Amino acid sequence: MFNNLTKITAWLLYATIVLLYVFSLWALMDNRQEETPFSLAETLPILKYSLLQAVLSASISTILGILLAKAFFYLEFKGKTWLYKSILFVWSLPSLVIIFAVIGIWGNSGWIAQVMKWIGIDWHSNIYGLQGILIAHGLLNIPLVTKYYVEALALIPSSQYQLSAQLNLSGWNYFRIVEFPMFKRILPYVFLTIFMICFTSFPIVLMLGGGPKYSTLEVAIYQAVSFEFDFAKAVMLIMVQLAFGIVLQGLLFFCSQRALKQSNQTTNVELWKPRLAGSRKLGLQSILILQTLLILLPLVSVLWAGISVSHFWQRLVNLELWEATLFSVLISLIASITTVGVTYLIALETRQLLYRKHHFLHAILGSVATYPLILPVFLLAVGLFLLLMNISLSTTQLLVLVGVMNGIILIPYVYPMLFSSMWETFNAQDKLARSLGLSGFNRWWIAEKHYLVRPLTNAFILAMSASLGSFAVIAFFGTPDFSTLPYLLYQQLGSYRTEDASVTALMLMLFALLPFLFNQRTKTSK
């Protein structure tokens, strides 16, 4: 009975998600004009720039991330763990906070400009355009690359490090013989992951692009719908992004197989590391200091800008700010419940299908986790926006709608985490549960709860943190009376309300910090 219920529920959820995308596409097609001056050939400059900025951003982030990972791995110093976690926190920040931080450091009134003015140098920085996009993407993605490569270096056997020390390997030879065999297995996966993040980047390109010349597919879709009302153009751009999304997702899946084989290895409990000295140690120390300043100073600028504004307490107790905070938290809770609930119910059935070796059905049902990655985010947001455009929605209905859409978009990031834990638990506890005649909730409570509480908690925290800074969906449904912190920050920056934006950015950063701290606490309590 319980197995039939989970089967029906999982396939109903699958059908619901598919129908949401189908109806969204139908709404776009139904609203498009018969003729549009925009042609497929005009997508080429947009596509070219999308690819260019993604390649450059991924390349810069990967190179600098590898260097920073080497510095963290080989150097030993007081406060290393705290500094490493502080840098990882930057990756969990909402994109709009990153934008505000970049402007605070590199803008015409930023810290660098003020220092230059103080020492008598007339220095002007144009942060808008490709350079601003590359800086923001680097600030956001270098910590992620660093995390991947620190973990990769920890997987290299101690014997290899000891042998390299005996042979006195250094420089290029050390990298080629000791590190590169591990790096080359995860490099394609890491590069493509960062590439996809940058290729589908929306808020950063929208705010720092500086004009149509630097528009990407995501931004062009948003502008076509919100400002030009050219739905035929939006459909064309969505189809182009869909085609590239399928190709990129296929490449990412292929590369992930090699990367995951390496990550499944057991990390050395007591890893022997070579002692550094001379120019090698000095070089890594210089890299650590410079990159730490480049990554953490923007965060300090957000903190300082927030607390140093005039009438700080009056701005802090502003009703508009706290309404946006309340809506952000409620949407994040709804998104987290949606993501974890839908993912868990689908994973219950997919693990049964895998256990029974129904690989085809397992692949179909499990593929729902790839749809939000392959299909553009704006397909769902724009389609539902058009479907509901003439319907007056209450605040509660908007909260649920935006929260559920945010939850669906986050399924690809939560599903692999939950399914792997649920599959391992199933293999470990299935015989015990069957021998005791356990099923349904009793099976979960007695046999699986101990193994799944932490993955479920981590998934919930991840979803909540990601949804707090989500902007793509609220960009279409936000109103003066229904605003989240990212949407409010976008409006304040767009209307040059810099001091109000400073307090909003500070509030958003602090709320993003809470799930991160809780997640770190659960890790250290293992």
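The structure under discussion appears in the preceding block.
What you see is a predicted model; the values in this text were computed from it and never measured.

Chemist: An account of the overall build of the protein chain is needed here, citing residue identities and associated values.
Modeler: Within the protein chain, the regular secondary structure consists of 23 helices and zero strands. For 526 residues, the compact-globule formula gives about 24 Å, and the C-alpha radius of gyration of the protein chain, at 24 Å, lands near that figure. Seen through its C-alpha atoms, the protein chain measures out along the principal axes to roughly 70 × 65 × 50 Å. For the protein chain, with 526 residues in total, the buried portion stands at 51%. Here the analysis covers contacts within the protein chain between residues at least 6 apart in sequence; of these, 83% occur between residues at least 24 apart. With the model as given, the accessible surface of the protein chain reaches about 25600 Å², and the carbon-plus-sulfur share is 66%. Between the mean site of the 33 positive side-chain charges and the mean site of the 21 negative ones, the protein chain shows a separation of 18 Å.

Chemist: Now, about the packing of aromatic side chains: what can you tell me, with residues and values included?
Modeler: For the coordinates displayed, the defined rule picks out 20 aromatic pairs. Ring geometry for Tyr14 against Tyr371: centres 6.1 Å apart, planes inclined by 50°, an arrangement best described as tilted. With Tyr14 in helix α1 (residues 2-31) and Tyr371 in helix α16 (residues 371-374), this pair connects stretches of sequence that are 357 residues apart. Taken individually, Tyr14 and Tyr371 each receive the classification buried, so the pair is uniform in this respect. Ring centres of Phe312 and Trp313 lie 5.1 Å apart, and the angle between their planes is 70°; this geometry places the pair in the edge-to-face category. Linked through ring pairs, Phe202, Tyr222, Phe385, Phe471, Phe476, Phe477 and Tyr490 together constitute an aromatic cluster.

Chemist: A description of the packing of helix α2 (residues 43-74) against helix α8 (residues 171-199) should follow, citing residues and the corresponding values.
Modeler: Close contact between α2 and α8 brings their axes to 9 Å; oriented N to C, the two are set at 140°. By the angle between their axes, α2 is oblique relative to α8. The interaxial crossing formed by α2 with α8 has right-handed handedness. Partitioned by chemical class, the residues of the contact of α2 with α8 number 15 nonpolar, six polar and two charged.

Chemist: Explain the pattern of salt bridges to me, and be specific about the residues and the numbers.
Modeler: Enumeration over the complete set of coordinates arrives at six salt bridges. One salt bridge connects Glu499 with Arg315, and the closest N-O pair in it is separated by 2.6 Å. With Glu499 in helix α23 (residues 498-524) and Arg315 in helix α13 (residues 312-316), this pair connects stretches of sequence that are 184 residues apart. Here Arg315 and Asp500 are joined by a salt bridge, their closest N and O atoms 2.7 Å apart. Residue Arg315 is located in helix α13, and its partner Asp500 is located in helix α23; the two are separated by 185 residues in the primary sequence.

Chemist: Please set out the packing of α2 against helix α3 (residues 80-91) residue by residue, giving values where relevant.
Modeler: Viewed as axis vectors pointing N to C, α2 and α3 meet at an angle of 155°, and their least axial separation amounts to 11 Å. Accordingly, the angle class assigned to the pair α2 and α3 is roughly antiparallel. Once α2 is placed against α3, the crossing between them reads as left-handed. Only Lys80, Leu83, Tyr84 and Ile87 of α3 make contact with α2, whose side of the interface consists of Leu68, Phe72 and Phe73. For the contact of α2 with α3, a count of residues per class yields six nonpolar, no polar and one charged.

Chemist: Break down empty space enclosed by the protein for me, citing the residues and quoting the values.
Modeler: If a probe the size of a water molecule is rolled over the atoms, the empty space left behind becomes visible. One pass over the structure, following the stated rule, counts two cavities of 30 Å³ or more. Of the voids in this model, the largest cavity is the one considered here, and its volume is about 50 Å³. The wall of the largest cavity is formed by Ser328, Ile331, Ser332, Val402, Asn406, Ser467, Leu468, Ser470, Ile474 and Thr484. Per-element tally for the lining of the largest cavity: the top contributor is helix α14 (residues 319-355), with three residues. Grouping the constituent residues of the lining of the largest cavity by class yields four nonpolar, six polar and no charged. Considering the residues around the second largest cavity, the lining is formed by Arg315, Asn318, Leu321, Gln492, Asp500, Val503 and Thr504.

Chemist: Talk me through the nonpolar core; I want residue IDs and the actual numbers.
Modeler: One finds Leu28, Leu93, Phe378, Phe471, Phe476 and Phe477 to be the most contacted residues of the largest nonpolar core, which totals 159 residues. Here this core gets 14 residues from one element, more than from any other, and that element is helix α6 (residues 130-154). Discounting chain neighbours no more than four positions away, the residues touching Leu28 are Phe231, Ala234, Val235, Ile238, Leu379, Val382 and Leu386.

Chemist: Give me the layout of surface pockets: which residues, what numbers.
Modeler: There is about 660 Å³ of room inside the second largest pocket. Forming the walls of the second largest pocket are 27 residues, and the residues nearest its centre are Phe100, Ile103, Gly104, Leu493 and Thr498. Here the residues of the lining of the second largest pocket sort into 13 nonpolar, 13 polar and one charged.

Chemist: So what's going on with α14? Which residues, and what values?
Modeler: Helix length check: α14 (37 residues) gives 53 Å between terminal C-alpha atoms against 54 Å at 1.5 Å per residue, within 8%. At the exit of α14 stands Lys357, carrying a positive phi of roughly 65°.

Chemist: Outline the environment of Phe23, supporting the account with residue identities and numerical values.
Modeler: When you line up the elements, Phe23 lands in helix α1. Residue classification places Phe23 among the partly exposed residues on the basis of a relative accessible area of 45%. Sequence spacing of Phe23 and Asp122 is 99 residues, and the spatial spacing of their C-alpha atoms is 55 Å.

Chemist: Quick one: what's the story with the environment of Pro372, residue by residue and with numbers?
Modeler: As for its placement among the helices and strands, Pro372 is situated in helix α16. Note: C-alpha distance between Pro372 and Leu52 (320 residues apart in sequence) is 23 Å. Once residues lying within four places of it in the same chain are set aside, the contact partners of Pro372 are Tyr21, Ile408, Ile409 and Pro412.

Chemist: Talk me through a nonpolar patch on the surface; I want residue IDs and the actual numbers.
Modeler: Among the surface-exposed residues, Leu19, Val22, Phe23, Trp26 and Leu387 lie close enough to one another that they form a single nonpolar patch of about 480 Å² accessible area. At four residues, α1 tops the list of elements feeding residues into the nonpolar patch.

Thresholds applied
- The numbers attached to residues start from 1 for each chain and follow its sequence in the written order.
- pLDDT decides what is reported in this predicted model: residues at 70 or higher carry local features, side-chain atom pairs at 80 or more are listed and counted, and totals for whole chains, interfaces and linings draw on all residues regardless.
- Excluded from the side-chain calculations are hydrogens and water; all other atoms, namely the structure's heavy atoms, are used.
- Helix and strand definitions here come from DSSP, where helices need a minimum of 4 consecutive H or I residues and strands a minimum of 2 consecutive E residues; each element is numbered from the N-terminal end.
- Between the two quantities, the radius of gyration covers C-alpha atoms and the globule rule is 2.2 Å times the number of residues to the power 0.38.
- Relative accessibility under 20% of the residue-type maximum defines a buried residue, over 50% an exposed one, and the middle range a partly exposed one, all with a 1.4 Å probe and only protein chains included.
- Here a residue-residue contact requires only that any non-hydrogen atoms of the pair lie within 4.5 Å.
- The Shrake-Rupley method, run with a 1.4 Å probe, gives the accessible areas here. Residue values count only the displayed protein chains as cover.
- We count Lys and Arg on the positive side and Asp and Glu on the negative side, and we leave His and both chain ends out.
- By convention, the charge on Lys lies at NZ, on Arg at CZ, on Asp at CG and on Glu at CD.
- Pairing of aromatic side chains here covers Phe, Tyr and the six-membered ring of Trp, requires ring centres within 6.5 Å, and sorts the geometry by plane angle: under 30 degrees stacked, over 60 edge-to-face, intermediate tilted.
- Fitted lines through C-alpha atoms serve as axes, helices being fitted only where they are in contact, and the angles separating the N-to-C directions of these axes extend from 0 to 180 degrees.
- Working rule for angles: under 35 degrees goes down as roughly parallel, over 145 as roughly antiparallel, 65 to 115 as roughly perpendicular, anything else as oblique.
- Left-handed is the label given to a crossing in which the near helix is rotated counterclockwise from the far helix by less than a right angle, and right-handed is the label when the rotation is clockwise.
- Asp, Glu, Lys and Arg are counted as charged, while Ala, Val, Leu, Ile, Met, Phe, Trp, Tyr, Cys and Pro are counted as nonpolar; the rest, among them Gly, fall into the polar class.
- Any Lys or Arg side-chain nitrogen located within 4 Å of an Asp or Glu carboxyl oxygen qualifies as a salt bridge.
- With a 1 Å grid laid over protein atoms only, a set of points is called a cavity when a 1.4 Å probe fits there but cannot get out and a pocket when it is open yet has protein on both sides within 12 Å along at least five of seven lines; lining residues have an atom within 4 Å of a point.
- Grid points are joined across faces, edges and corners, and a volume is the space filled by probe spheres set on the points.
- To define a nonpolar core, start from buried Ala, Val, Leu, Ile, Met, Phe, Trp, Tyr and Cys residues and group those joined through side-chain atoms within 4.5 Å.
- By this rule, a helix spans an expected 1.5 Å times one less than how many residues it contains.
- The residues that make up patches have over 30% relative accessible area and no salt bridge, and they are joined within 9 Å when like-charged or within 5 Å when they are Val, Leu, Ile, Met, Phe, Trp or Tyr.

So far we have only geometry, and geometry alone does not tell us how the molecule works.
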